[in-house]
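Commentary on secondary and tertiary structure
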Amino acid sequence: MLDDNNDDDDDGDDLPYIELVLVKSERSRHGVLEVHVIADFVRQVENVAVSPPWPETTCSHWLDIFKSFYGISPDLYAFGIDNVPTLGCGLFDIAHTIQASNFISGAITNALVPDQKLYNSIPKLPINWTCLADRIQSADILKDTIVHLVGNWTKISQEQRSCLPPWIHRLCDIKFFNLLQRKIAINNTILAHYPTDIVLTNKDGDTVPIEERQTQAAALVYRQWVCHKVYKRHAHNADDGGAEFYRAIATGGDRYLNTEEMKQFVMPLMVNRTHWQGSKTMA
């Protein structure tokens, strides 16, 4: 006969409760996880005072780390695409405290969706995306962020530049300097260009047709326009790095030196008709 009170039937009621508790630590501002063994769960809950709550993002990062261990992608898009780099950097920094940065980098990379929304966000937040790309070692994102950083280097304050990793800061300085030298060389090439077929006299010393003189005058006005743009800081020294200036030249047509813009270069060269007639009468 079986004994109904057989002690061999262990239903597990006497097993202790185990929980992970996020506690403050001098080793990390993000806290550390401690294993707490609770013999009497009900009594423990009743007697232990509730600790001050952690920030929501910190708890979310720790949760995403554990989710990643089980193959579940971290939720980086909870607050929109523009907050992804901030959340990603925070997640990486916490993972680094438990020596899981390499693992979490792969999880973050897999969670990122390389769509147009991501690449539209990079020009708005190039520094944030650069910091994330540096942490997770994403070459594709880093290439795109460097392009936008160098292109807008003059608009970025020293305080903002100090947020960049030192090696990226140096790289942008070098890239910007090289790009600036190329732009100056292009300006000099434009200013020094003179069509060889435009001459005042031909090989026999005869005066060239008026059409060629007009072409020569157009070239002079064009060079004057370029000098004016450089002087007014609208060329390589503009806030946009000369993007509008060089795009206008590449497009051609009416993108530059249209009728209204031409007046400021041509009018000073024209003799006032009234003054000319008065001088002729006096003569």
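Residues numbered from 1 in each chain as written. Predicted model: local features only at pLDDT ≥ 70, side-chain atom pairs only at ≥ 80, totals over all residues. Heavy atoms only, no water.

A closer look at the overall build of the protein chain
Tallying secondary structure elements over the protein chain gives 13 helices and two strands in all. Restricting to contacts in the protein chain with at least 6 residues of sequence separation, those with at least 24 account for 54%. Of the roughly 19900 Å² of accessible surface on the protein chain, 54% is carried by carbon and sulfur atoms. (Helix = DSSP H or I, 4+ residues; strand = E, 2+ residues; numbered from the N terminus. Contact = heavy atoms within 4.5 Å. Areas by Shrake-Rupley, 256 points an atom, 1.4 Å probe, with all protein chains shown as cover.)

Points about the nonpolar core
Counting residues in hydrophobic clusters, the biggest one holds 35 residues, and the most contacted among them are Leu-76, Ile-104, Ile-108, Leu-112 and Trp-129. If we ignore the near neighbours within four places in the chain, the residues touching Ile-104 are Ile-65, Ser-68, Leu-91, Phe-92 and Ala-95. (Core = buried A, V, L, I, M, F, W, Y, C linked by side-chain atoms within 4.5 Å. Buried < 20%, exposed > 50% of the residue type's maximum accessible area, 1.4 Å probe, protein only.)

Things to note about the confidence of the model for the protein chain
Averaged over all residues, the pLDDT of the protein chain is 78; the fraction at 70 or higher stands at 74%. Put simply, helix α1 (residues 41–47) is where the protein chain has its lowest mean pLDDT, 46, and helix α6 (residues 126–136) is where it has its highest, 96. Counting interchain partners and residues more than four positions distant, the pLDDT-below-50 stretch residues 42–50 has one contact. (pLDDT = per-residue confidence, 0-100.)

Some thoughts on the pattern of salt bridges
Using the criterion set out here, one finds three salt bridges in the structure. The partner of Asp-82 in a salt bridge is Lys-124, with the nearest N and O atoms 3.2 Å apart. Placement of Asp-82 in the loop between α2 (56–69) and α3 (84–97) and of Lys-124 in the loop between α5 (116–121) and α6 is noted, with a sequence separation of 42 residues between them. Close ionic contact of Arg-135 with Asp-93 constitutes a salt bridge, the shortest N to O distance being 3.0 Å. Of this pair, Arg-135 sits in helix α6 while Asp-93 sits in helix α3, and the two are 42 residues apart along the sequence. According to the relative accessible area criterion, Asp-93 is partly exposed, its value standing at 22%. (Salt bridge = Lys/Arg side-chain N within 4 Å of Asp/Glu carboxyl O.)

Side note on the side chain of Thr-145
Here Thr-145 shows up in helix α7 (residues 139–151). Apart from the residues within four sequence positions on either side, Thr-145 is in contact with Ile-122, Pro-126, Trp-129 and Thr-130.

Describing a nonpolar patch on the surface
Together, Ile-18, Leu-20, Leu-33, Val-35, Val-37, Phe-66, Phe-69, Tyr-70, Ile-72, Ile-98 and Phe-103 give the surface a local cluster of nonpolar side chains, amounting to about 1100 Å² of exposed area. Elements with a minimum of two residues in the nonpolar patch: β1 (17–25), β2 (28–38) and α2. Per element, the largest residue contribution to the nonpolar patch is three residues, and it comes from β2. Tracing the backbone shows Leu-20 in strand β1. (Patch = residues over 30% accessible without salt bridge, like charges linked within 9 Å, V, L, I, M, F, W, Y side chains within 5 Å.)

Some remarks on the side chain of Asp-64
By secondary structure assignment, the location of Asp-64 is in helix α2. The class for Asp-64 is buried, based on a relative accessible area of 3%. Beyond its immediate chain neighbours, meaning those up to four positions away, Asp-64 contacts Pro-74, Asp-75 and Leu-91.

Describing the environment of Lys-124
Residue Lys-124 is classed as exposed on the basis of its relative accessible area of 56%. Expressed as a C-alpha distance, the spacing of Lys-124 and Asp-82, which sit 42 residues apart in the sequence, is 8.4 Å.

Overview of α6
Across the eleven residues of α6, eight count as buried, placing the element largely inside the fold. Directly after α6, the chain includes Gln-137, whose backbone phi takes a positive value near 55°.

With respect to the state of the cysteines
A full pass over the atoms with the stated rule returns zero disulfides. As a non-bridged cysteine, Cys-89 has Cys-131 as the owner of its nearest cysteine sulfur, 5.7 Å distant. (Disulfide = S-S within 2.5 Å.)

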